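# Tertiary structure, described
Each chain is listed here by its residues.
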Amino acid sequence: MDTRIDLTVHEAAATPHGQTPHGPWPEDSLARVPYWVYQDQDNYTGEMRRIFEGATWNFACLEADIPNKGDYRTNQVGGMPVIVVRDADGSINCFENRCAHRGALIAFDDGGNVQNNFKCIYHAWSYDLSGNLKGIAFERGINGAGGMSKDFRRDDFSPRKLRTTVLGGLVFATLSDETPPIEQYLGAEITGRVKRVLNRPIRVMGRFSQPLPNNWKLYMENVKDTYHASLLHLFFATFRITRLTQAGGVLVSPDGAHHASYTIGSEDVAGAEAFKEKDLRSERDDYKLADPSLLQPVAEFGDKIQLQILSIFPSLVLQQIHNCLAVRQVVPKGTDKMEILWTYFGFEDDTPEMNTRRLKQQNLVGPAGFVSMEDGCVGGFVQRGIAAASDKISVVEMGGSQAESQATRATESSVRGFWKAYRRFMGY
Amino acid sequence: MDATKLVELNAAYARAIDNEKFEEWPKLFHETCLYKLTTAENIAKGYEAGIMYADSRAMLEDRVSALRKANIYERHRYRHLVGLPVVLGQVNGAADVETPFLIVRIMRDGVMDVFATGCYLDKVTTSDEGALRFAERIVVCDGGRFDTLVAIPF
């Protein structure tokens, strides 16, 4: 299915179509990326408008976070604070977390429950669960004096509203009327891979946040980069959770924006020999766990896929590493800062044994993850390495220069997919 | 339970980590134990997950092996300031103990940051050799943000 959509460049764009803040894209190839893209403030501002506030589905919360009427979570869509709330009829609403009066946050906690309305603490203006401005304190003044003018129309001043959609218990929001339905946005293959994991009601097991000293795109590229996993992460390779010589591949949505990489559970002895010949640092067969119960996974999705890393443009990751399940929301915090919001989850019908298995496997990921720890620092190494190289370019050429699905993970195909989508949204 | 011995146990714990004698760290736990690194908010919400989780001394040893042999990160170390332990209760020789901590992270380039504050929620019992050891140490961080990465245990 072709998921390409008409992406009108939004009026708030910082530069004319086809132009970047640094002139044209350096080479018309998906395999080249200029370094200013991780540094430039105007470009960053453009990303907030054209991508996050544009025709994209942004992760808002988990359905499991807001089961009952009036349950809400706060989040960010790019730089924009939002409230996502369960309405009386079971539907989910999302609106900008900005009071129509003076711009204060309407809700300032991570979440909670409101009965029927939100009330801004500053001057007690109130909003219904759809984000409509409903009440203005002393609207008619006191004893006939003061108050709002008679021709003030509340409807003209409500916070911006976002459309919401739900897929597999993930709630997404978009500001744009043009964003296609989520399954079309993702394409059939990626949609199927989301549903493969999120096939029944989930339960949250923990939340952690990890600020990183790098541009948000460096983390998204890292997530999509199947090439690095066995080379940077020794823990992965040594314990054969995944490596390039195992069967697997990468699916890239037709528009390049989304991806799912996967590993099939079967040992490849010939491949292991190839690894040894290369004398790669990340291959040490003598390294054994003192307590192997850390890694005693069971297949729970009715297939042989041991590992699946899936990204939804622009900034969500759904991760299945054996029985360790998590969503990672990437929140941009400036050109050289970002934050990962980790939510570990299991399923409502987990047995106590499965719960313990997940708790142990959660050692693999997160800020202290045996296999994700290096991802925390490697983006910062790039950000620092390119400090004086804004006019230079990086090479993203493993596996060619296209952004198609490939039956190997020795490729940067899905990284190129990111840039294909990115340039389209940015008009570059 | 002897408060002096509890203080000594905590001092040995902090010293092992801060002096990078990581191999000494698992020895302060019983063979079957629970070590978990989590946040006050997760505890309050009843969320069980930790960014580090071990239910055996061997699993703690694996943490040390990984940080010695496997994981790659920019050189840094910690300085623990551990407060006074409060014994919340004792049953059959097992004491529930709460101890506040502060960890400063010292980076390779000399930058020192407050990396974490929180409290240790411990279950401490006496080993066969007569030494106090952790049956449980739940590291409850006051905040929920972990800057860049956590290689070294808290």
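Residues numbered from 1 in each chain as written. Chains lettered and ligands numbered in written order. Predicted model: local features only at pLDDT ≥ 70, side-chain atom pairs only at ≥ 80, totals over all residues.

The next point concerns the overall build of chain B. Secondary structure summary: chain B contains three helices and seven strands in total. Taken from the N to the C terminus, the helices and strands of chain B come in the order α-β-α-β-α-β-β-β-β-β. Here the C-alpha atoms of chain B give a radius of gyration of 15 Å, agreeing with the 15 Å that 2.2 N^0.38 yields for 154 residues. In terms of overall dimensions, chain B has a C-alpha envelope of 45 × 35 × 25 Å along the principal axes. Residues counted as buried form 40% of the 154 residues belonging to chain B. By sequence separation, contacts in chain B at least 24 residues apart represent 57% of the contacts at least 6 residues apart. (Helix = DSSP H or I, 4+ residues; strand = E, 2+ residues; numbered from the N terminus. Rg over C-alpha atoms; globule rule 2.2 N^0.38 Å. Buried ≥ 20, exposed ≤ 12 C-beta atoms within 10 Å, placed from the backbone. Contact = placed C-beta atoms within 7 Å.)

Scanning chain A from N- to C-terminus turns up 10 helices and 19 strands. The buried share of chain A, reckoned over its 428 residues, is 48%. By sequence separation, contacts in chain A at least 24 residues apart represent 66% of the contacts at least 6 residues apart.

Here we come to the interface of chain A and chain B. Taken together, the 33 residues of chain A in the interface contact 30 residues of chain B. Those elements that provide at least two residues to the side of chain A that touches chain B are β12 (202-212), α6 (234-238), α8 (352-361) and α9 (373-385) of chain A. Taken together, the residues that form the side of chain A that touches chain B break down as 20 nonpolar, nine polar and four charged. (Nonpolar A, V, L, I, M, F, W, Y, C, P; charged D, E, K, R; others polar.)

Moving on, we get to the environment of Thr32 of chain B. Residues and elements named next belong to chain B. Relative to the assigned elements, Thr32 resides in strand β1 (residues 29-39). Using a count of 10 C-beta atoms within 10 Å as the deciding quantity, one classes Thr32 as exposed. A sequence separation of 27 residues divides Thr32 from Met59, and the C-alpha atoms of the two residues are 9.8 Å apart.

Residue and element names in this part refer to chain A. Spatial ordering of the open sheet is given by β12-β18-β17-β16-β15-β14-β13, a layout of seven strands whose pairing is antiparallel. Each of the sheet's edge strands pairs with one partner strand only, and the pair in question is β12 and β13 (248-252). Strand-to-strand, the axes of this sheet are offset by a mean angle of 15°, without reference to chain direction. Along the sheet, α8 contacts β12, β16 (316-321), β17 (324-332) and β18 (338-347); its crossing angle with β18, the most-contacted strand, is approximately 160°. (Pairing = 2+ DSSP bridges. Axes fitted to C-alpha atoms, helices over the stretch in contact; angles between N-to-C directions.)

With that settled, the discussion passes to the pairing of strand β7 (residues 132-141) of chain B. Residues and elements named next belong to chain B. Of all the 10 residues making up β7, seven are buried; the element is thus mostly covered by neighbouring parts of the structure. In terms of strand pairing, β1 meets β7 through seven bridges, oriented parallel. By the bridge assignment, Leu37 is partnered in β7 with Val139. In this structure, strand β6 (residues 112-126) lies alongside β7, joined through nine bridges in antiparallel fashion. Bridge pairing in β7 places Asp122 opposite Arg137. Connecting β6 to the next strand, β7, in antiparallel fashion are five residues, including Gly130 with a positive phi near 95°.

This next bit is on the packing of helix α4 (residues 216-224) of chain A against helix α10 (residues 413-426) of chain A. All names here are of chain A. Direction vectors running N to C along α4 and α10 enclose 140°, while the axes themselves pass 7 Å from each other. In the packing of α4 onto α10, the handedness of the crossing is right-handed. In this structure, α4 contributes Met220, Glu221 and Lys224 to the contact, and α10 contributes Ser414, Val415 and Phe418. For the contact of α4 with α10, the class distribution of residues is three nonpolar, one polar and two charged. (Left-handed = near helix turned anticlockwise from the far one by under 90°.)

Residue Pro314 of chain A is reached from Phe313 of chain A by a cis peptide bond, and omega for that bond is 5°. With respect to the helices, strands and loops of the structure, Pro314 of chain A is situated in the loop between β15 (305-312) and β16. In this structure, Asn92 of chain B takes a positive phi of about 50° despite not being glycine. With respect to the element layout, Asn92 of chain B can be found in the loop between β4 (86-91) and β5 (94-107). Asn92 of chain B gets classed as exposed once you count the C-beta atoms within 10 Å, which come to 5.

The subject of this paragraph is the domain arrangement of chain A. Once the domains are mapped, chain A shows domain 1 (63-166) and domain 2 (187-426). The centre of domain 1 of chain A, based on its C-alpha atoms, is set 37 Å off from the matching centre of domain 2 of chain A. (Domains from an automatic or database assignment.)

All names here are of chain A. Ordered by their spatial adjacency, seven strands build an open sheet running β2-β11-β10-β5-β4-β3-β6, and the pairing between neighbours is antiparallel. Whereas interior strands pair on both sides, the edge strands pair on one side only; in this sheet they are β2 (58-62) and β6 (111-113). Ignoring which end each strand starts from, the neighbouring axes of this sheet average 30° apart.

All right, on to α4 of chain A then. Turn by turn, an α-helix covers 3.6 residues, leaving residues three or four places apart pointing in a common direction. α4 of chain A sits mainly inside the fold: nine of its nine residues count as buried. Every buried residue of α4 of chain A is accounted for by Trp216, Lys217, Leu218, Tyr219, Met220, Glu221, Asn222, Val223 and Lys224 of chain A.

This brings us to the packing of α4 of chain A against α9 of chain A. All names here are of chain A. The interhelical angle for the contact between α4 and α9, taken along N-to-C directions, is 125°, at an axis separation of 10 Å. Here α4 lies oblique to α9, going by the angle between them. Pair α4 / α9 crosses with right-handed handedness. Note on element contacts: α9 touches α4 through Asp375, Val378, Gly379, Val382 and Gln383, opposite Leu218, Tyr219 and Asn222. (Parallel < 35°, antiparallel > 145°, perpendicular 65-115°, else oblique.)

Another point: the nonpolar core. Residue and element names in this part refer to chain A. Membership of the largest hydrophobic core comes to 142 residues, with the highest contact counts inside it found for Ala60, Val82, Ile83, Val84, Cys94 and Tyr219. A domain split of this core shows at least three residues from each of domain 1 (63-166) and domain 2 (187-426). If sequence neighbours within four positions are ignored, Val82 has contacts with Ala60, Thr74, Asn75, Gln76, Val77, Cys94, Phe95, Glu96, Asn97, Leu162 and Ala173. (Core = buried A, V, L, I, M, F, W, Y, C linked by C-beta atoms within 7 Å.)

Attention shifts here to the confidence of the model for chain A. All names here are of chain A. Per-residue confidence for chain A averages 90 on the pLDDT scale, and 88% of its residues sit at or above 70. In the model, residues 1-14 has pLDDT below 50 throughout and makes 34 contacts with residues more than four positions away in sequence or in other chains. Note that pLDDT drops below 50 for residues 268-272; the model gives that stretch four contacts with residues more than four away or on any other chain. (pLDDT = per-residue confidence, 0-100.)

Here chain B averages 97 in pLDDT, while 100% of its residues score no lower than 70. Across the interface, the model reports ipTM at 0.97; the global pTM reads 0.93.

Right, let's talk about the environment of Tyr35 of chain B for a bit. Residues and elements named next belong to chain B. Residue position: Tyr35 is located in strand β1. Separated by 94 residues in the primary sequence, Tyr35 and Glu129 place their C-alpha atoms 21 Å from one another. Contacts of Tyr35, omitting those with residues within four sequence positions, involve Phe29, Met52, Ala54, Leu60 and Arg137.

Residues and elements named next belong to chain B. When you line up the elements, Arg137 lands in strand β7. The spatial distance from the C-alpha of Arg137 to the C-alpha of Glu98 is 9.6 Å, given a sequence separation of 39 residues. Here Arg137 is in contact with Tyr35, Tyr120 and Asp122, once residues within four sequence places are set aside.

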